[in-house]
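Structural overview for review
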Amino acid sequence: MHQFALNYSRPVQRTEESAPYIYDPELQLNLLSDGNPAAHDHALLRELSTTTSTAGSKTHFDD
């Protein structure tokens, strides 16, 4: 028996996008290239709506 959903599933298409910030595991913050926290860049927040990373979501489902 072939599951109904498999008739319509498609492979995930990955895109090569990079965020203008990197995650610092020591500080547990996303940092800009100049070392400032990404959350302090209001223009970046307006453009991307968030600066969340996936670092916490692997261990906490309520991030």
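The helix and strand tally for the chain stands at one helix and two strands. Mapped from its N terminus to its C terminus, the chain presents α and β elements in the order β-β-α. Counting over 63 residues, the chain shows a buried share of 11%. Sequence-distant contacts in the chain: of pairs separated by 6 or more residues, those separated by 24 or more amount to 19%.

In this section: unusual backbone geometry. Positive phi outside glycine occurs at Gln28, with the angle close to 55 degrees. Tracing the chain through its elements places Gln28 in the loop between β1 (22-24) and β2 (29-31). Classification of Gln28 as exposed rests on a relative accessible area of 60%.

Tracing the chain through its elements places Leu31 in strand β2. Sequence-wise, Leu31 and Pro20 are 11 residues apart; in three dimensions their C-alpha atoms are separated by 8.7 Å. What Leu31 contacts, discounting residues up to four positions off in sequence, is Tyr21, Ile22, Asp24, Asn36, Pro37 and Ala38.

Moving on, we come to the environment of Pro37. Mapped onto the elements, Pro37 comes out in the loop between β2 and α1 (42-48). The residues contacting Pro37, other than those within four sequence positions of it, are Leu29, Asn30, Leu31 and Leu32.

About the criteria used
- Residues numbered from 1 in each chain as written.
- Predicted model: local features only at pLDDT ≥ 70, side-chain atom pairs only at ≥ 80, totals over all residues.
- Heavy atoms only, no water.
- Helix = DSSP H or I, 4+ residues; strand = E, 2+ residues; numbered from the N terminus.
- Buried < 20%, exposed > 50% of the residue type's maximum accessible area, 1.4 Å probe, protein only.
- Contact = heavy atoms within 4.5 Å.

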